[in-house]
Amino acid sequence: MENRFIEKIKNFLQNIKKSLHKDEEVFQEDIKIYSNQNISWLEADKVYITDNIYIRIPTVREVLNNEEFYLSVVSALTGSPFQFMVQLDEMNIDYTTISNYQLFIMFFSAFAKKDLSIIFGDLYTLDYETRVDTSNDTIVLYSKENGIEYKIDELIYTEIVKTLRKINDIKEVKFKPGNDAAKAYLLEKEKRKFKRLKNKPFESQLETLIIALVNRPEFKYNYEQTLDLSIYQFYQSLKQIQTSISFDNTMIGVFAGTVDTSKMTNKQDLSWIQLTK
């Protein structure tokens, strides 16, 4: 009788354990990290912009194997007209008269026919085109295959760009010339630079950074482990090590008497911890 009672207790506890484990699996599967949430991205492999559109966080290996294409798409989608003034001028577009969102629409439409799964995951992009949203008379990107729930308007564009910048540690460029003379000067300067670099073969920046980090004593990963990191983890590690190096150099100057901390404008150099993401 006693043995039968003990057996029932064991079965009862086992069933509870299975139930909790099942609930935990469901919970893990249902977790979605959204771009507007204050949640760590260190373990994320995607960030949701809406319930239907997400941005992938690829591994270092994935980016390294597709670096030229990946960087060209990311830089185009996150760029400002100022950064593409030469290309816009070739299309007879004054870069000071076009918005960031309009530039995004141009570039997204151009890249949409390519495989963008490294960035947009399983989102079907082939038939995205510009449409007028009759509800508010604004321009949106619309896919007939995906439907209205997958449209990209200016608010969604803003979250996409913020997410791509954060994943790839890209700073937003904001600049407008003060007058027409400055605008013309900058354009001619950029044209000369563009012509000089136009036929220069692509060189991997990421490979250089990987080699540099793996050979730093502060970086605890070998090459294989580094390639398995997410690109977000990699860039955050890079920023932290840069912060540590800057801190060490500042402290050397402080102890040597060549740096006056009261006159420092960048107080970040007084901490070895990265204070901003």
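Residues numbered from 1 in each chain as written. Predicted model: local features only at pLDDT ≥ 70, side-chain atom pairs only at ≥ 80, totals over all residues. Heavy atoms only, no water.

Asks: Would you explain the overall build of the chain in this entry?
Replies: Each helix and strand in the chain was counted, giving 11 helices and four strands. Across the 277 residues in the chain, those meeting the buried criterion constitute 35%. Considering only residue pairs separated by 6 or more positions, the chain has 58% of its internal contacts joining residues 24 or more positions apart. Summed over its atoms, the accessible surface of the chain is roughly 18,100 Å², and 53% of this surface lies on carbon and sulfur atoms. (Helix = DSSP H or I, 4+ residues; strand = E, 2+ residues; numbered from the N terminus. Buried < 20%, exposed > 50% of the residue type's maximum accessible area, 1.4 Å probe, protein only. Contact = heavy atoms within 4.5 Å. Areas by Shrake-Rupley, 256 points an atom, 1.4 Å probe, with all protein chains shown as cover.)

Asks: Got a minute to help me understand the pairing of strand 3 (residues 128-133) in this structure?
Replies: A regular strand places its side chains so that they alternate between the two faces of the sheet. Inspection of the sheet shows strand 3 paired to strand 4 (residues 138-143) by six bridges, in the antiparallel sense. Bridging from a neighbouring strand, Arg131 pairs with Val140 of strand 4. The turn linking strand 3 back onto strand 4 is made up of four residues, and Asp137 within it adopts a positive phi angle of 60°. (Pairing = 2+ DSSP bridges.)

Asks: Sorry, what's going on with helix 8 (residues 180-197) here?
Replies: Spacing of three or four residues puts side chains on the same side of an α-helix, whose turn is 3.6 residues. The terminal C-alpha atoms of helix 8, which comprises 18 residues, lie 26 Å apart, in line with the 26 Å expected from a rise of 1.5 Å per residue. Against helix 4 (85-90) lie the buried residues of helix 8. The N-terminus of helix 8 is capped by Asn179, whose side-chain oxygen sits 3.2 Å from the backbone nitrogen of Ala181. (Expected span 1.5 Å × (residues − 1). Polar contact = N/O pair within 3.5 Å; in protein donor to acceptor, adjacent residues only side chain to side chain.)

Asks: Before we go on, may I ask you to explain helix 5 (residues 100-111) in this structure?
Replies: For helix 5, which comprises 12 residues, the first-to-last C-alpha distance of 16 Å matches the rise-based estimate of 16 Å (1.5 Å per residue) to within 8%. The set of residues buried in helix 5 consists of Tyr101, Leu103, Phe104, Ile105, Phe107, Phe108 and Phe111.

Asks: Where do I start with the pattern of salt bridges in this structure?
Replies: Two side chains carrying opposite charge are able to pair once their charged atoms lie near each other. This model, assessed by the stated rule, comprises 15 salt bridges. Notably, a salt bridge pairs Lys171 with Asp169, separated by 3.4 Å at the nearest N-O pair. In this structure Lys171 comes out as exposed when scored by relative accessible area, which is 59%. A relative accessible area of 25% means that Asp169 is categorised as partly exposed. One salt bridge in this structure joins Lys191 and Glu188, with 3.7 Å as the shortest N-O distance. In this pair, Lys191 and Glu188 both sit in helix 8, three residues apart, roughly one turn of the helix. Residues joined in a network through salt bridges with shared partners are Arg61, Glu224 and Asp228. (Salt bridge = Lys/Arg side-chain N within 4 Å of Asp/Glu carboxyl O.)

Asks: Help me understand the environment of Glu207 in this model?
Replies: Inspection of the secondary structure assignment puts Glu207 in helix 9 (residues 205-214). Put simply, Glu207 and Val60 are 147 residues apart on the chain and 9.7 Å apart in space, counted from C-alpha to C-alpha. Leave out the neighbours within four places in its chain, and Glu207 touches Leu64 and Glu67.

Asks: Could you clarify how one ought to interpret the packing of aromatic side chains in this entry?
Replies: One pass over the full model with this rule turns up 14 aromatic pairs. Centroid distance Phe108 to Tyr128: 5.4 Å. Interplanar angle 85°. Geometry classified as edge-to-face. Of the two residues, Phe108 is situated in helix 5 and Tyr128 in strand 3; the sequence distance between them amounts to 20 residues. The burial state of Phe108 is the same as that of Tyr128; both residues are buried. An aromatic cluster of at least three residues, connected via ring pairs, comprises Tyr101, Phe104, Phe108, Phe120, Tyr128 and Tyr157. Positioned above the aromatic ring of Tyr54 is the side chain of Lys46, whose terminal nitrogen or guanidinium carbon lies 5.3 Å from the ring centre. If you follow Lys166 out to its NZ or CZ, it ends over the ring of Trp41, 4.0 Å from the centre. (Phe/Tyr/Trp six-rings, centres within 6.5 Å; stacked < 30°, edge-to-face > 60°. Lys NZ or Arg CZ within 6 Å of the ring centre and 35° of its normal.)

Asks: Where do I start with the environment of Asn136 in this structure?
Replies: With respect to the element layout, Asn136 can be found in the loop between strand 3 and strand 4. Classification of Asn136 by relative accessible area gives partly exposed; the value is 44%. Only 2.6 Å separates the side chain of Asn136 from the side chain of Thr138, close enough to count as a polar contact.

Asks: Where do I start with the side chain of Ser35 in this structure?
Replies: One can find Ser35 in the loop between helix 1 (2-30) and strand 1 (46-48). Look at Ser35 and you get buried, because its relative accessible area is 15%. A polar atom in the side chain of Ser35 sits 2.7 Å from the side chain of Glu159. In this view, Ser35 contacts Trp41, Val47, Tyr48, Ile49, Glu159 and Thr163; residues no more than four positions away in its chain are not counted.

Asks: Can you walk me through the side chain of Asp133 in this structure?
Replies: Looking at the secondary structure, you find Asp133 in strand 3. Residue contacts for Asp133: discarding those within four places in its chain leaves Thr138, Val140 and Lys151.

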